[in-house]
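Summary of the model geometry
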Amino acid sequence: MPEILSTCPYCGVGCGVSVSVLDDDVKTVLATPTHPANYGRLCSKGSNLKETLLSVRDGNRLTHPVVYGEAVSWSEATQTIARKIEQSIAQYGRDSVAFYLSGQLLTEDYYVANKLMKGFIGTANVDTNSRLCMSSAVAAYKRAFGSDSVPCCYEDLDVADLIVLVGSNAAWTHPVLYQRMVAAKANNPNMRVVSIDPRQTATNDLVDLHLPLLPSTDGFLFQGLLRYLIQTDGIDQGYIDRHTDGFEAAANSAEAMSLERVSRETGLDQSLVQTFFDWFLATPKTVSFYSQGINQSATGTDKCNAIINCHLATGRLGYAGAGPFSITGQPNAMGGREVGGLANQLAAHMDFSSGDIDRVQRFWNSPRIANEAGLKAVDLFEAVAEGKIKVLWIMATNPAVSLPNSNKIRAALEICPTVIVSDVTHTDTSDFADIVLPALGWGEKDGSVTNSERRISRQRAFRQAPGSAKADWWAITQVAHQLGFQEYFPYQSPHAIFVEHAALSGFENQGSRAFDISGLSDLSELEYQELTPIQWPVTATHPQGTDRLFEDGQFYTASGRAQFVSGKPKKIQAKKAEFILNTGRLRDQWHTMTRTGAVPALTVHDPLPFVQINPEDALTLGIKHHQFVQVSNVLGRVVMRAEVSQSIASGQLFSPIHWNQQFATHAVVCNLIESVVDPVSGQPESKAAIVAIEPY
Ligand code: SF4
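Remember, it's a predicted structure, so these values are computed and weren't measured experimentally.

What follows covers the overall build of the protein. Helix and strand content of the protein: 25 helices and 26 strands. Since a compact globule built from 696 residues should have a radius of gyration of about 26 Å, the 24 Å found for the protein is in line with a globular shape. Dimensions of the protein along its principal axes, counting C-alpha atoms only, are 65 × 60 × 55 Å. Once local pairs closer than 6 in sequence are excluded, the contacts in the protein between residues at least 24 apart make up 74%.

Following this line, the structure appears as structure tokens:
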């Protein structure tokens, strides 16, 4: 039976899967034993991929383009889109057109969408749901290293002596990496794991020390750690002198963060803080593994830099078992970053500097190019609400459920003159679409993704698409042709797009940009089909890829030196009778449940939306376990089942983000999240909404 090697379409771990297919009938989807991301492991979502495929195919699958309620041909649909774009540009200017993309797209889809928008339509109003996931980590890496470069690789988790999980319930959100940590700890009795998280989670089964700090106070903790390292002679002055700038300013900002102050700000017992600091001090092979709990904050970028500062001060990066390791949420958040999926980036990690603008325009030979950053996700939808965006094309994401203040997002979609949605199934967002395009789903589409350790893997097609569903890159290319740009979008296959993307990454790149896969730019179609997982950079000098960055202490800043960056930590406080609502993900669900919600094996554990509340608070409010409660604030209300649990501290609540409006009208937790964003990254504060809770 033919076996196809592909990559799991869910999280940023990027596990390899082997699919057995006979006559378009998928027999098994199993873990690939040799894929370096998972070495034969899968989590519950990956293990149920076959069932998910069947459910999505049998469910409310989109199969034909629909324009204003009428099924039409692709030619009619793409012509209509092109005319709408032209009319909007003529009447309101280029910035009246916007794309909202997704970390679910393949790199090839992402590349073509960005090229069309930034280089040909001529606006940078193209952002992605990755803004909600890891844009603070991107901004912090750029500030510290001069490039959006994750220094670590998964092997570092195998050989570290200390893993510090910050804002990460890895056991549920990145389960295969968690399994890897479990195995590493079993092999290394000296290894310790610390979890810094307001909640007790499943990850605690592994940890030696849990710091249940108050929500959003991580910045205080890591500034305190820097101060402690300085005061205990735990810094590497040689590394600081040779490879960094800005240490003194960072040390000055941390000066006030004594153990007592850290304890006061974080609500942590001082002895817990001291133990963590002592372990960090004593352990050269330390990996700080951080995720949405750090990124999804109005001070997320500063928090990431506070973590990075501690690694720079101790020289703990660039060697095995050490480094500040941001883990992406989505399967291709990293690929989106590579092609310029964020509104403040150009392709191939280039910026909106005059040199980069000119470079990208010359490479594309495009008639124009966006010359400044566009609107980031929250601002982009604000512009939709204000009537400034007239044509909005949303691909592979469900912002009516997943963006903060979802009620407002739905109202904005309602008034937008032309909403185009490309997706696999009907969603809450497609309810607002004037034009619906049936996209290819996992197993039908073909291309590449990049996981959290910079590893590019192939997603391969192994079954026929239903109806006339088409790849996103193909649909965008057709619109580009309708706009008159045929010669610039000659693509007949993902391979043609990938090699162009790879060539751009090396174009006039004299070691000035970390993202360089020019070593893959001359892959033949066959070589692309057979591409095995490889970590960027992939260049003439590193043809087999690069597992770890910054081994030589050279960075991508103008000076070649890493930068310490200091911020001012801030604390979120609720008033009397208010609660801080934390949000997150479940082990078995993905995003807004449009795929995993259709599989009984994945819904059985948590069939209903729920909110966790501490027993003391429940008693005070007269709330019983499994009773329905209403959680509300000025933005909206959500009705859920109460889960009375010691795992959440008094004054805090926790609720998963997954349930959509198709499930129940008052089930969308993002209705309660304010559109407050980090000023540097634009990433929303999704972990600390101020709410009230009462019996329903
Ligand atoms: Fe898929 Fe992530 Fe699970 Fe791996 S850990 S099987 S990539 S969801």
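There is more to say, and it comes next.
How big an interface is tends to be stated in terms of the accessible area lost upon association of its parts. Structurally, the protein comprises domain 1 (3-58), domain 2 (66-133 + 331-482), domain 3 (135-326) and domain 4 (579-695). Here domain 1 and domain 3 have C-alpha centroids that lie 32 Å from each other. Counting from both sides, the interface comprises eight residues of domain 1 and, opposite them, seven residues of domain 3. Considered class by class, the residues forming the side of domain 1 that touches domain 3 number six nonpolar, one polar and one charged.

Further remarks concern the site of the ligand. What surrounds the ligand is a group of 14 residues, the closest being Cys8, Cys11, Cys15, Cys43 and Gly46. Counting residues per element, the ones that place at least two in the shell around the ligand are α1 (44-47) and α8 (175-187). Residue classes in the shell around the ligand are distributed as nine nonpolar, four polar and one charged. Taken domain by domain, the shell around the ligand gets at least three of its residues from each of domain 1 (3-58) and domain 3 (135-326).

Where burial is concerned, most of strand β15 (residues 418-423) is hidden: six out of the six residues are buried. The two faces of β15 match: Thr418, Ile420 and Ser422 on one face and Val419, Val421 and Asp423 on the other face are all buried. Two strands pair when backbone bridges link them, and strand β14 (residues 391-395) and β15 are joined in this way by five bridges, in the parallel orientation. If you follow Trp393 over to β15, its bridge partner there is Ile420. Where β15 and strand β16 (residues 435-438) come together, four bridges link them in parallel fashion. When the sheet's bridge partners are listed, Val421 is paired in β16 with Val436.

Judged by pairing direction, the sheet is antiparallel, and its three strands sit side by side in the order β17-β18-β19 without closing on themselves. In this open sheet, the two edge strands, each paired with only one partner strand, are β17 (447-450) and β19 (534-535).

For residues that are not glycine, phi is negative in most cases, and the peptide bond is trans in most cases. Going from Trp536 to Pro537, the amide bond is cis rather than trans, its omega being 0°. Relative to the elements of secondary structure, Pro537 occurs in the loop between β19 and β20 (562-563). In this model, Phe550 sits at a positive phi of 65°, which is unusual for a non-glycine residue. Along the chain, the position of Phe550 falls in the loop between β19 and β20. Despite not being glycine, Ala577 has its phi angle at roughly 75°, a positive value. Summarising the element assignment, Ala577 is placed in the loop between β20 and β21 (579-584).

Per the UniProt record, "domain: 4Fe-4S Mo/W bis-MGD-type" (unreviewed entry) is found at residues 1-57. Counted over residues 1-57, helix gives 23% and strand 33%. Its end C-alpha atoms are 22 Å apart.

Residue position: Leu317 is located in the loop between α15 (300-314) and β13 (323-326). Taking C-alpha positions, Leu317 is 8.9 Å from Lys285, a pair spaced 32 residues apart along the chain. Beyond its immediate sequence surroundings of up to four residues, Leu317 is in contact with Pro151, His311, Ala322, Gly323, Pro324 and Phe550.

What follows is about the sheet that holds strand β26 (residues 689-695). Sheet strands pair via backbone hydrogen bonds, and the direction of the pair is either parallel or antiparallel. Spatially, six strands are ordered β21-β25-β22-β24-β23-β26 in a closed barrel, and the strand pairing comes out mixed. Sheet twist, expressed as the mean angle between neighbouring strand axes with direction ignored, is 45°. As paired strands, β21 and β26 are joined by three bridges and run antiparallel to one another. What sits directly across from Phe579, in β26, is Val691.

This part takes up the packing of helix α9 (residues 218-231) against α15. For any two helices packed against each other, the geometry comes down to the angle between their axes and how far apart the axes lie. Running from N to C, α9 and α15 cross one another at 15°; their axes reach a closest spacing of 8 Å. As far as their axial angle goes, α15 and α9 are roughly parallel. For α9 against α15, the interelement crossing comes out left-handed. On α15, the residues touching Asp218, Gly219, Phe222, Gln223, Leu225, Leu226 and Leu229 of α9 are Asp302, Lys303, Ala306, Ile307, Asn309, Cys310, Ala313 and Thr314.

What follows deals with the nonpolar core. Counting residues in hydrophobic clusters, the biggest one holds 219 residues, and the most contacted among them are Ala113, Ile163, Leu392, Val611, Val631 and Leu653. For this core, the element with the highest residue contribution is helix α4 (residues 107-121), accounting for eight residues. Excluding residues that lie within four positions of it along the chain, Ala113 makes contacts with Phe99, Leu101, Val126, Met395 and Ile476.

Let us look at helix α21 (residues 472-482). The element α21 is extensively covered by neighbouring structure, given that nine of its eleven residues are classed as buried. Within α21, the full set of buried residues consists of Asp472, Trp473, Trp474, Ala475, Ile476, Thr477, Gln478, Val479 and Ala480. In the core, the buried residues of α21 are packed alongside α3 (74-92), α4, β14, β15, β16 and α22 (494-506). Just downstream of α21, Gly484 is the residue with a positive phi angle, here 95°.

About the cut-offs
- Residues numbered from 1 in each chain as written.
- Predicted model: local features only at pLDDT ≥ 70, side-chain atom pairs only at ≥ 80, totals over all residues.
- Helix = DSSP H or I, 4+ residues; strand = E, 2+ residues; numbered from the N terminus.
- Rg over C-alpha atoms; globule rule 2.2 N^0.38 Å.
- Contact = placed C-beta atoms within 7 Å.
- Domains from an automatic or database assignment.
- Nonpolar A, V, L, I, M, F, W, Y, C, P; charged D, E, K, R; others polar.
- Near = placed C-beta within 6 Å.
- Buried ≥ 20, exposed ≤ 12 C-beta atoms within 10 Å, placed from the backbone.
- Pairing = 2+ DSSP bridges.
- UniProt positions renumbered as here; feature names shortened; annotations may be inferred.
- Axes fitted to C-alpha atoms, helices over the stretch in contact; angles between N-to-C directions.
- Parallel < 35°, antiparallel > 145°, perpendicular 65-115°, else oblique.
- Left-handed = near helix turned anticlockwise from the far one by under 90°.
- Core = buried A, V, L, I, M, F, W, Y, C linked by C-beta atoms within 7 Å.

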